[in-house]
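One letter stands for each residue in the lines below.
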Amino acid sequence: MRGTSRAALQAAEDRFAPVLRAAGTQARTLGEELFALVDALDASGSLRRTLADPSNDADARSALAGRLLGSADARTVEIVQALVRSRWSADEDLTEAVERLAFLAVLHSAEAEGVLGTVEEELFTVVRALAGQRDLRRSLLDPAYPAQARGQLAEGVLGGGGTPVTRTIVRRAAVAPRGRQFVVTLQHVGDLVAEMRNRQVATVVTAAPLSVGQRERLTDLVGRALGRAVQLNVVVDPHVVGGLRVQAGPDVIDATVLARLADARRQLAG
């Protein structure tokens, strides 16, 4: 997103985070309604342009959004009408903003149920399970498969388990990929969870399993390296070079950096 769109999205998140939080478990319904709007915008370029075009009267755009949503929850209508009144650098940015708020709404429902951490762990488990499943990943993105079939295939990765929120997210990632790989969407949602918990997700690839103590020490070291609290997701790969690899977004931290941090901490302690 360009600057104008980023500012509009941030303003929308700041304004509606309290609304989504107050909605409690009902926030999942708001998310589903927002996802339905994403589908409508993706299906109609003319509708998307009409709602996002700043040359169209803001009141008219808002009224059209209200009619389009029909019997949707009043909170969903409020969110969407505020979005269409905002200025967007491109009409596609409006759709991305609606989708982001939809995912956030679903995650807020998980937070209200006390299972946000579980959802985070389940999403990471699915991503890890698909690491060596190239054919399955391709099928989850293949437009030759009907959307509902892809959704059922994605839920099958959970093996009949998972929270309702996780199943909603996993199914959505397969049914409406919007040009993204299935795993990329799940990683994006995982980042949203981390933002909600004011942490950054760091994936650690290690040659051997970590003990509880090692995991705690590594979490502390990575947090120091990044300058903020982190959520550590651990993947065991006996072939990893150097025995350890840490990635947080675009940042890659090697074992040498962590070793220097550990040495510095020991010196300070001494």
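Residues numbered from 1 in each chain as written. Predicted model: local features only at pLDDT ≥ 70, side-chain atom pairs only at ≥ 80, totals over all residues. Heavy atoms only, no water.

### What to know about the pattern of salt bridges
One pass over the full model with this rule turns up 14 salt bridges. Here Arg100 ties to Glu195 by a salt bridge, and the two come within 2.8 Å at their closest N and O atoms. Taken together, the residues span a long stretch of sequence, with Arg100 in helix α6 (residues 91–113) and Glu195 in helix α11 (residues 182–196) at a distance of 95 residues. For Arg100, a relative accessible area of 16% puts it in the buried group. On the accessibility criterion, Glu195 (45% relative accessible area) is partly exposed. The shortest N-O distance in the salt bridge between Asp135 and Arg138 comes to 3.0 Å. Pair noted here: Asp135 and Arg138 are both in helix α8 (residues 134–141), with a separation of three residues, about one helical turn. Through salt bridges with shared partners, one network takes in Asp42, Glu99, Arg178 and Arg180. (Salt bridge = Lys/Arg side-chain N within 4 Å of Asp/Glu carboxyl O. Helix = DSSP H or I, 4+ residues; strand = E, 2+ residues; numbered from the N terminus. Buried < 20%, exposed > 50% of the residue type's maximum accessible area, 1.4 Å probe, protein only.)

### Topic: the layout of surface pockets
Here the second largest pocket is characterised by a volume of approximately 210 Å³. Glu13, Ala17, Leu104, His108 and Met196 are the residues nearest the centre of the second largest pocket, which is lined by 14 residues in total. Among the secondary structure elements, those contributing two or more residues to the lining of the second largest pocket are α1 (3–23), α6 and α11. Per-element tally for the lining of the second largest pocket: the top contributor is α1, with seven residues. A breakdown of the residues in the lining of the second largest pocket according to their chemical character gives seven nonpolar, two polar and five charged. (1 Å grid on protein atoms, 1.4 Å probe; cavity = no way out; pocket = protein on both sides within 12 Å on 5 of 7 lines; lining within 4 Å. Points joined across faces, edges and corners; volume = space filled by probe spheres on them. Nonpolar A, V, L, I, M, F, W, Y, C, P; charged D, E, K, R; others polar.)

### A word on the nonpolar core
Counting 59 residues, the largest nonpolar core has Leu83, Ile169, Phe182 and Leu186 as its most contacted members. The element that contributes the greatest number of residues to this core is α6, accounting for eleven residues. Those residues in contact with Leu83, other than ones at most four positions away along the chain, are Ala12, Trp88, Leu94, Ala97, Val98 and Leu101. Of all hydrophobic cores here, the second largest spans eleven residues; its members include Ala202, Val204, Ala248 and Ile253. (Core = buried A, V, L, I, M, F, W, Y, C linked by side-chain atoms within 4.5 Å. Contact = heavy atoms within 4.5 Å.)

### Notes on the side chain of Thr163
Looking at the secondary structure, you find Thr163 in the loop between α9 (147–157) and α10 (164–175). A distance of 2.9 Å separates a polar atom in the side chain of Thr163 from a polar atom in the side chain of Thr166. Leave out the neighbours within four places in its chain, and Thr163 touches Val115, Thr118, Val119 and Glu122. (Polar contact = N/O pair within 3.5 Å; in protein donor to acceptor, adjacent residues only side chain to side chain.)

### Re unusual backbone geometry
Even without being a glycine, Arg178 presents a positive backbone phi close to 55°. Topologically, Arg178 is positioned in the loop between α10 and α11.

### Thoughts on helix α4 (residues 58–69)
A rise of 1.5 Å per residue sets the reference length of α4, with its twelve residues, at 16 Å; its end C-alpha atoms lie 17 Å apart and thus fit the reference within 8%. Of all the residues in α4, the buried ones are Arg61, Ser62, Ala65 and Leu69. Buried residues in α4, looked at end-on, bunch into an arc of 100°, giving them a common side. Against α3 (45–52) and α5 (74–85) lie the buried residues of α4. (Expected span 1.5 Å × (residues − 1). Arc of directions from axis to C-beta.)

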